[in-house]
Each structure stands twice: as C-alpha cells, then as structure tokens.
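# Summary of structural features
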Amino acid sequence: QVQLVESGGGLVQPGGSLRLSCAASGSIFSIYSMAWYRQAPGKQRESVAVITSGGRTNYADSVKGRFTISTDNAKNTVYLQMNSLKPEDTAVYYCNADLLDGTPVARRVYWGQGTQVTVSS
C-alpha cells in the first residue's frame, strides 16, 4: 500500500506564494507521473499540473506562468510552487501519483488527503 502525505497549505494574501509538498511512501517500484489537482467549493476537481517520470510538465491555463511543478525522485516527492496567488486559487489541493507498486505488482493511482489553500486579504 502506498501513502501520499501532503503539506504546505495555508492562508496567504493575494499576490503571495506557497509551496506544497507531497511525499509518496510504500512499496513503490516506479512512478509514471505525479500531479496536483484542486477542488473549490461547489466545483468539480480539476487538474492543476502534472509531471511525468521523464520530466515533461503540463499546466492548466489558469496557472501557467504562476505555478511550477517539480519532483525529487530520490525522495518520491512532488512539489507545487505557487506564486502570484489569486483568490480564485482558493481550493483543496490534492496530490496524485500513477505508479507501479504492491504485491502483486500492478499499476495503480493514489490520492493524497488534500491540503487547504486559501487566498484572501
């Protein structure tokens, strides 16, 4: 079983920055991709940013130029650096990992528990 543990959320003023972290632990053989999603009250969960094992990244149009996704492969950890935050970025942010794990070995997708990000003055 794999666990994803997120940290780094909180309250920040518009224009401010936050850095989210998500560490994956367990019987991990390889990671195909890691990603961040978010869900605002009354809205569907949406993809924010994704990074593949090869280092390719993709961002939602709403965060391009402001957010940066990165990984520390040695630590099975993904980060989301969020700059120039706006009130509309307020949401619960979830970490996602697509990986090979377990007994029997299989490809599975895991989710973190979520961390609240609130952008408000």
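None of the values given here were measured: they were computed from a predicted structure.

Another aspect to go through is the overall build of the protein chain. Helices and strands together make up the secondary structure of the protein chain, namely 0 helices and 11 strands. Along the protein chain, from the amino end to the carboxyl end, the secondary structure elements read β-β-β-β-β-β-β-β-β-β-β. Each principal axis of the C-alpha atoms in the protein chain carries an extent, and together these give about 50 × 25 × 25 Å. Out of the 121 residues belonging to the protein chain, those deemed buried represent 40%. Taking as baseline every contact in the protein chain between residues at least 6 positions apart, the subset at least 24 positions apart corresponds to 55%. Carbon and sulfur atoms make up 47% of the accessible area of the protein chain, which amounts to about 6500 Å² in all. Averaging the positions of the 11 positive and the 8 negative side-chain charges in the protein chain gives two centres separated by 2 Å.

Let's shift gears to the nonpolar core. In this structure, Trp36, Leu80, Met82 and Tyr93 are the most contacted members of the largest nonpolar core, which totals 30 residues. The set of elements that each furnish at least two residues to this core consists of β3 (18–25), β4 (28–39), β5 (46–52), β7 (67–72), β8 (77–82), β9 (91–101) and β11 (115–119). A per-element tally of this core places β9 first, with 5 residues. Residues contacting Met82, with those up to four places away along its chain left out, are Gly16, Ser17, Leu18, Leu20, Arg66, Phe67, Tyr93 and Val117.

So, on to the state of the cysteines. In the structure shown here, the tally under the stated rule is 1 disulfide. Between the sulfur of Cys22 and that of Cys95 lies a disulfide, 2.1 Å long from S to S. Between Cys22 and Cys95 the disulfide shows an S-S torsion of about -80°. By sign, it is left-handed. Taken together, the residues span a long stretch of sequence, with Cys22 in strand β3 and Cys95 in strand β9 at a distance of 73 residues.

Okay, the packing of aromatic side chains next. Counting across every chain of the model gives 1 aromatic pair. Each ring, one from Tyr37 and one from Trp111, has its centre 4.9 Å from the other, and the planes form 65°; the classification is edge-to-face. You can see Tyr37 sitting in strand β4 and its partner Trp111 sitting in strand β10 (residues 106–111), a full 74 residues away along the chain. By relative accessible area, which is 24% here, Tyr37 ends up partly exposed. Between Arg19 and the ring centre of Tyr79, over which it is positioned, the NZ or CZ distance is 4.0 Å. Its guanidinium or amino end placed over the ring of Tyr94, Arg45 lies 3.7 Å from that ring's centre, counting from NZ or CZ.

The rules we used
Residues numbered from 1 in each chain as written. Predicted model: local features only at pLDDT ≥ 70, side-chain atom pairs only at ≥ 80, totals over all residues. Heavy atoms only, no water. Helix = DSSP H or I, 4+ residues; strand = E, 2+ residues; numbered from the N terminus. Buried < 20%, exposed > 50% of the residue type's maximum accessible area, 1.4 Å probe, protein only. Contact = heavy atoms within 4.5 Å. Areas by Shrake-Rupley, 256 points an atom, 1.4 Å probe, with all protein chains shown as cover. Lys, Arg positive; Asp, Glu negative; His and termini not counted. Charge placed at Lys NZ, Arg CZ, Asp CG, Glu CD. Core = buried A, V, L, I, M, F, W, Y, C linked by side-chain atoms within 4.5 Å. Disulfide = S-S within 2.5 Å. Phe/Tyr/Trp six-rings, centres within 6.5 Å; stacked < 30°, edge-to-face > 60°. Lys NZ or Arg CZ within 6 Å of the ring centre and 35° of its normal.

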